[in-house]
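For reference, the chains in residue letters:
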There are 4 protein chains.
Amino acid sequence: MANSKYEYVRDFEKDDSLLPNCAIVIRIDGHSFHRFSAVHDFAKPNDRAALDLMNHAARCVMSAFPDITLGYGISDEFSFLLRPSCVTFGRRDSKLVSTVVSIFTGAYIFAWPTYFPDKAMQYPPSFDGRAVLYPTRQTVVDYFSWRQVDAHINNLFNTCFWTLQRVDPKHGGPRKSAQEAEEVLRGTVAAQKNELLWRDYGVNYNDEAEMYKKGSILLYNLGERAGDGASKTSRLREEKRRRKEGVSVVHVDLIQESFWLRYPHILEP
Amino acid sequence: MANSKYEYVRDFEKDDSLLPNCAIVIRIDGHSFHRFSAVHDFAKPNDRAALDLMNHAARCVMSAFPDITLGYGISDEFSFLLRPSCVTFGRRDSKLVSTVVSIFTGAYIFAWPTYFPDKAMQYPPSFDGRAVLYPTRQTVVDYFSWRQVDAHINNLFNTCFWTLQRVDPKHGGPRKSAQEAEEVLRGTVAAQKNELLWRDYGVNYNDEAEMYKKGSILLYNLGERAGDGASKTSRLREEKRRRKEGVSVVHVDLIQESFWLRYPHILEP
Amino acid sequence: MANSKYEYVRDFEKDDSLLPNCAIVIRIDGHSFHRFSAVHDFAKPNDRAALDLMNHAARCVMSAFPDITLGYGISDEFSFLLRPSCVTFGRRDSKLVSTVVSIFTGAYIFAWPTYFPDKAMQYPPSFDGRAVLYPTRQTVVDYFSWRQVDAHINNLFNTCFWTLQRVDPKHGGPRKSAQEAEEVLRGTVAAQKNELLWRDYGVNYNDEAEMYKKGSILLYNLGERAGDGASKTSRLREEKRRRKEGVSVVHVDLIQESFWLRYPHILEP
Amino acid sequence: MANSKYEYVRDFEKDDSLLPNCAIVIRIDGHSFHRFSAVHDFAKPNDRAALDLMNHAARCVMSAFPDITLGYGISDEFSFLLRPSCVTFGRRDSKLVSTVVSIFTGAYIFAWPTYFPDKAMQYPPSFDGRAVLYPTRQTVVDYFSWRQVDAHINNLFNTCFWTLQRVDPKHGGPRKSAQEAEEVLRGTVAAQKNELLWRDYGVNYNDEAEMYKKGSILLYNLGERAGDGASKTSRLREEKRRRKEGVSVVHVDLIQESFWLRYPHILEP
């Protein structure tokens, strides 16, 4: 509809469409989740229901964007991989990022009562997001490896930090305060943290839940590529069937090349 | 915390900070609100509770961003004006836009039961957003004028469109179908629409609610600038007191220069 | 050196560094070369000395940027391919483009007397430039194919256009004016142009110089990759020796995959 | 002309048009001018002919871009101010910057023999450039003030640095080496440098040429705005006449507000 003499203000809108043929990673982060998790009394260092709710919200995002082939969540952050050929919203940066963040936020709040039936939400949380382009297979793989290494580092630290505050040492000393716990952990490397847990508190970090150690990987479990015996038609039919089953959540090592070989469709253009 | 050999992937993040000393307008739009309003049986052409809920969500955004001096809402869209000196989040485009959209989405869903106590939300709505820079006073004023002209055009059309479908013409003919209504309105100008409403349906468009005709303007009603008699100190004290009272909603003509003269603080740097 | 209260103006400079790990193509174009070539009486449709001077200027650019693996020139334009790993000038867009344009312009003017010893330059020509990112092997190959197809289309047209104006038709009619020539050529496809040249003017387009039909490809002729018999060390030594010999100019078909297989180093990261 | 299946590669070109209604400053810098000035034996600390040649090249740029209202040059750099309403080349960043740099480079090389009739250019110099947006009057004024403060700081330092190497101290000591000169100057403030020049070498910095102390300001000297007595028509006629006279070069203080009041047309939209 022809509008008005004011319409020239549209000329100030910039074209923010993202370079074609590059994988897009959209990462969203919780805003002030330290406070949000305190107010809502989340278990420490990991609250299973809260993580399940994050995964639920991520599934909703993936349902809305068929070009997302991978989601990866840790703590209050989630990363989504959009295949290079994605042309949704003309690849406009703001539109993609804001829509992903809005769907995630909405799904988190809307489904809260399902995951926390006995706990009313006190105020709605918020998230921010950003898009980053990764032009090669290697850079995409390294992005997710970066996040998983981060997940490991943070979870090991948090496991120590909360164990020190909650469990009396095996040899009878008193529990630590938060400040003392930080003091003890300052400058320690992974091996020292592992030993501290085991020697002083009888905790074997390896026994912690994979979900906490590895984060949550959301993908379409299309199965191994069928070998020589299968026709292309039957392969595509099988893939379609499995895609309908929807998103699977796994907690495995994605730093290993074997992960990407097992799910080749994640990195397809 | 020193991380890993994968950290280089951060180099792919672009710096998207917005040009300093320019006013920022962030506009958000509902996604598929045609469907959302149908599913939730919103009154047509305007649902008062739904608009009040939009205004509530906008207030929440304004509370979170003290640099927002003006909000303007029509239908399922809202525009926010951030003063040129705003440095929140380092003026990063994605961070600002995604956070505004997330807070808006969250507030809308969280407060839904207050505004629709008898109507359960069927699914969470989503919004997208974008930031646009306006470097001069005139371009800012023209941006909001553009939106208000649009509000007028759309509301006049919608008022006709729904009147034709709901009210028997004064002279006894049958109500129109949606398709017939579109047919009747095609190519008509404002004066013709006004006359159609009045002559055939006895509806005086001027009597429609200002909220529907003008949209909703959210601002801090700091009062007229005190004149020569008042000291600067007493002026600032008065402004602070009124700011605490929070955001006011008005439905007036902002295309007139008098609006901007009455609330000079909106356009202050 | 600490400067002054004015230094804040640097905050208005945007970061325009180009996405890493993507090939960069910088294309420069002559400004108003129609006029420049008329004033300097260039031969039509192709002036050999002028094209040689373009190639010389392009060599100077390639000497200054070791990351350029390919140059491609047609008429008054040149494209340069910078390898994805290039980090010169921090990959800053403006700095890269403006420097390439400046070196090209300078070399063109400085070397003019060598290529046109009997013709004084009347005024200095100017060029503009732009950088475009191509994230995959295929898009890089297609970019250069696009330019070579364009070269072919333009040269075939120009050959007809000037032949019609300069040569009496074989069958005795008069030469055409520029306007008549355009008329004759309007709407013709390649096959018709070829036939027109041959049937009416006795010109076999295939006999035209490869330089005019294919454009000029500038590359380091590193030779075929040595096979199994050669050690990696001897291969690298050989490459280094040939690189020192400098840039070769060839006029071949680069649309064929064989071109890229023959010079694999062009597309190395 | 419809082209080919390769034309999709144009989709990778980004839209880099600059925000409307903002002043654009394009600054160009000499590349490796330390070496260039050494090879061409420029006088130190300032070579009058070289600076005049820079000013000539800047005039050529200003002739080509009527929207440039101000040029400011110091040493081997030049800044150009394009008025906010400029729409040349659709305000495309790369096109504007590369064209300015190309014209400047070309004019510098082409006019060299006029400014250095007895000195052949050994190799062509090159320049780079960048565009920066300044959205307000104040930021534009502060940008040029920043450059003029820089000019002062650098020229005072260089005057000391070369005086120490070339003139025997008044009190009979030997000349300094470059390294000794740097040593002497390290950490000194302006007042100390002034005193050093005067007390030890009899040089009054105030007597240095204004061109060296203030840099070169290129503008259209449109004269004072005619007062009440003059009609608008006669004012515009007078402005047109003076504009035809072309660019003036002045060496004055532009940090003072009086400069901008004297030449109000520089900052007109």
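Residues numbered from 1 in each chain as written. Chains lettered and ligands numbered in written order. Predicted model: local features only at pLDDT ≥ 70, side-chain atom pairs only at ≥ 80, totals over all residues. Heavy atoms only, no water.

1. What about the relation of the copies chain A and chain B?
Laying chain A over chain B is done by rotating through 180° and shifting 0.0 Å along the axis; what remains is an RMSD of 0.0 Å. Such values leave the two copies arranged in the relation of a two-fold axis. Mapped onto chain B, 98% of the interface residues of chain A again fall at the interface, so both copies present the same surface. (Least-squares fit on C-alpha atoms with pLDDT ≥ 70 in both. Contact = heavy atoms within 4.5 Å.)

2. Brief notes about the relation of the copies chain D and chain C
Least-squares fitting of chain D to chain C yields an RMSD of 0.0 Å, with the superposition described by an axial translation of 0.0 Å and a rotation of 180°. Comparing interface residues between copies, 100% of those in chain D also sit at the interface in chain C, which points to an isologous, same-surface contact.

3. Some thoughts on the interface of chain D and chain C
Residue-level contacts link 53 residues of chain D with 54 residues of chain C. At the junction of chain D with chain C, the criterion picks out eight salt bridges. E13 of chain D serves as the salt-bridge partner of R130 of chain C, at 3.5 Å between the closest nitrogen and oxygen. Linking chain D with chain C are 21 residue pairs in polar contact (both at pLDDT 80 or more). (Salt bridge = Lys/Arg side-chain N within 4 Å of Asp/Glu carboxyl O. Polar contact = N/O pair within 3.5 Å; in protein donor to acceptor, adjacent residues only side chain to side chain.)

4. Overview of the packing of aromatic side chains
Throughout the structure, instances matching the rule amount to 104 aromatic pairs over all chains. On the numbers, 5.5 Å between centres and 20° between planes, the contact of F78 of chain C with F80 of chain C is stacked. Owing to a relative accessible area of 1%, F78 of chain C belongs among the buried residues under this scheme. By way of ring pairs, the aromatic residues F33, F36, F42, F78, F80, F104, Y108, W112, F116, Y123 and F127 of chain A are connected into one cluster. K95 of chain C extends its terminal NZ or CZ atom over the ring of F89 of chain C, reaching a point 5.1 Å from the ring centre. One residue, K170 of chain C, lies across the ring of W198 of chain C, its end atom 5.6 Å from the ring centre. (Phe/Tyr/Trp six-rings, centres within 6.5 Å; stacked < 30°, edge-to-face > 60°. Buried < 20%, exposed > 50% of the residue type's maximum accessible area, 1.4 Å probe, protein only. Lys NZ or Arg CZ within 6 Å of the ring centre and 35° of its normal.)

5. Let's talk about the sheet that holds strand β6 (residues 247-250) of chain A
Pairing between the strands of a sheet comes from backbone hydrogen bonds, and it takes one of two forms, parallel or antiparallel. All names here are of chain A. Strand order in this open sheet of six strands is β4-β1-β3-β2-β5-β6, and the pairing throughout is antiparallel. Both edges of this open sheet fall to β4 (127-134) and β6, since each of them pairs with a single strand only. Here the strands of the sheet are splayed against their neighbours by 20° on average, with no regard to which way each runs. One ladder, built from eight bridges, connects strand β1 (residues 23-30) with β4; its direction is antiparallel. Looking at the pairing, V25 lines up with V132 of β4. (Pairing = 2+ DSSP bridges. Helix = DSSP H or I, 4+ residues; strand = E, 2+ residues; numbered from the N terminus. Axes fitted to C-alpha atoms, helices over the stretch in contact; angles between N-to-C directions.)

6. Quick notes on the UniProt feature "binding site: Mg(2+) 1" (unreviewed entry) in chain A
All names here are of chain A. When the UniProt feature table is mapped onto this chain, "binding site: Mg(2+) 1" (unreviewed entry) is found at D29, G30 and D76. Over a stretch of 48 residues, the named residues converge on one spot in the fold, their C-alpha atoms separated by at most 5.9 Å. Positionally, D29 belongs in strand β1. Sequence-distant contacts of D29, defined by excluding residues within four places in its chain, comprise D76, E77, S126, F127 and D128. Relative to the assigned elements, G30 resides in strand β1. With sequence-adjacent residues up to four places away left out, G30 is seen in contact with D76, S126 and F127. (UniProt positions renumbered as here; feature names shortened; annotations may be inferred.)

7. Describing the pairing of strand β3 (residues 77-82) of chain A
Residues and elements named next belong to chain A. Summarising burial for β3: six of the six residues are buried, a large majority. Here β3 shows a buried face lined by E77, S79 and L81 and a second buried face lined by F78, F80 and L82. Of the pairings in the sheet, the one linking β1 to β3 comprises six bridges and is antiparallel in character. Bridged to D29 within β3 is E77. One ladder, built from six bridges, connects strand β2 (residues 68-74) with β3; its direction is antiparallel. Each residue of the ladder has a partner; that of L70, found in β3, is L81.

8. Digging into the side chain of D150 of chain D
Among the structural elements, D150 of chain D can be located in helix α4 (residues 137-166). A distance of 3.0 Å separates a polar atom in the side chain of D150 of chain D from a polar atom in the side chain of R147 of chain D.

9. Details of the interface of chain A and chain B
In this complex, chain A contributes 54 residues to the contact, which on the side of chain B involves 54 residues. Together, the buried faces of chain A and chain B total about 4,400 Å²; carbon and sulfur atoms form 62% of this surface. The largest per-residue losses of area from chain A upon contact with chain B belong to Y6, F110 and W146 of chain A, which jointly make up 15% of the total buried on that side. Linking chain A with chain B are eight salt bridges, by the criterion used here. The residue D93 of chain A makes a salt bridge to K14 of chain B at a minimum N-O spacing of 3.0 Å. Inspection of the chain A/chain B interface yields 22 residue pairs in polar contact (both at pLDDT 80 or more). Of all the elements in the fold, those that place two or more residues in the side of chain A that touches chain B are α3 (93-115), β4 and α4 (137-166) of chain A. Broken down by element, the residue count for the side of chain A that touches chain B peaks at 14 residues, all from α3 of chain A. (Buried area = accessible area lost by both parts, 1.4 Å probe.)

10. Here we look at the environment of W112 of chain D
All names here are of chain D. Looking at the secondary structure, you find W112 in helix α3 (residues 93-115). A relative accessible area of 3% means that W112 is categorised as buried. Along the sequence, W112 and K176 sit 64 residues apart, while their C-alpha atoms lie 33 Å from each other. When near neighbours in sequence (up to four residues on either side) are disregarded, W112 contacts F36, H40, F42, L53, K119, A120 and M121. Reaching out from W112, the side chain makes a polar contact with the backbone oxygen of K119 at a distance of 2.7 Å.

11. Observations concerning unusual backbone geometry
Residue P45 of chain A is reached from K44 of chain A by a cis peptide bond, and omega for that bond is 5°. Here P45 of chain A shows up in the loop between α1 (33-39) and α2 (48-64). The phi dihedral of D41 of chain A falls on the positive side, at around 55°, and the residue is not glycine. Looking at the element boundaries, D41 of chain A is found in the loop between α1 and α2. By relative accessible area, which is 59% here, D41 of chain A ends up exposed. For S32 of chain C, which is not glycine, the phi dihedral falls at a positive 50°. You can call S32 of chain C partly exposed: its relative accessible area is 43%.

12. Topic: the packing of helix α4 (residues 137-166) of chain B against helix α6 (residues 190-201) of chain B
Residues and elements named next belong to chain B. It is at 10 Å that the axes of α4 and α6 come closest, and there the two elements cross at 30°. What the angle tells us is that α4 and α6 run roughly parallel. Every pair of crossing elements has a handedness; the one defined by α4 and α6 is left-handed. Facing L156, F157, T159, C160, T163 and L164 of α4, the residues of α6 in contact are A190, K193, N194, L196, L197 and Y201. (Parallel < 35°, antiparallel > 145°, perpendicular 65-115°, else oblique. Left-handed = near helix turned anticlockwise from the far one by under 90°.)

13. Here we look at the side chain of S145 of chain B
With respect to the helices, strands and loops of the structure, S145 of chain B is situated in helix α4. Its relative accessible area of 1% is what places S145 of chain B among the buried residues. Not counting residues up to four positions away in its chain, the partners in contact with S145 of chain B are Y6 of chain A together with L254 and I255 of chain B.

14. What to know about the pattern of salt bridges
Taken as a whole and judged by the stated rule, the model has 68 salt bridges over all chains. A salt bridge links R27 of chain A to E13 of chain B, with the shortest nitrogen-to-oxygen separation between them at 3.4 Å. Of this pair, R27 of chain A sits in strand β1 while E13 of chain B sits in the segment before β1 (23-30), each in a different chain. The burial state of R27 of chain A is the same as that of E13 of chain B; both residues are buried. A salt bridge links R147 of chain D to E77 of chain D, with the shortest nitrogen-to-oxygen separation between them at 2.7 Å.

15. A word on the sheet that holds strand β6 (residues 247-250) of chain C
Residues and elements named next belong to chain C. Strands sit in the order β4-β1-β3-β2-β5-β6 across an open sheet of six strands; the sheet is antiparallel. Lying at the two open borders of the sheet, with one neighbouring strand each, are β4 (127-134) and β6. In this sheet, neighbouring strand axes are inclined to one another by 20° on average, regardless of whether the strands run parallel or antiparallel. Where strand β5 (residues 216-220) lies against β6, four bridges are found, and the strand directions are antiparallel.

16. Let's talk about the nonpolar core
Counting residues in hydrophobic clusters, the biggest one holds 274 residues, and the most contacted among them are Y108 of chain A, Y108 of chain B, Y108 of chain C together with Y108 of chain D. Setting aside residues no more than four positions away along its own chain, Y108 of chain D makes contact with F33, F36, F42, L53, M54, A57, M121, P125 and F127 of chain D. (Core = buried A, V, L, I, M, F, W, Y, C linked by side-chain atoms within 4.5 Å.)

17. Digging into the UniProt feature "binding site: GTP" (unreviewed entry) in chain A
Residue and element names in this part refer to chain A. Following the UniProt record, the feature "binding site: GTP" (unreviewed entry) maps to D29, G30, H31, S32, F33, H34, S75 and D76 here. G30 sits in the buried class, given a relative accessible area of 16%. Structurally, the position occupied by H34 is in helix α1.

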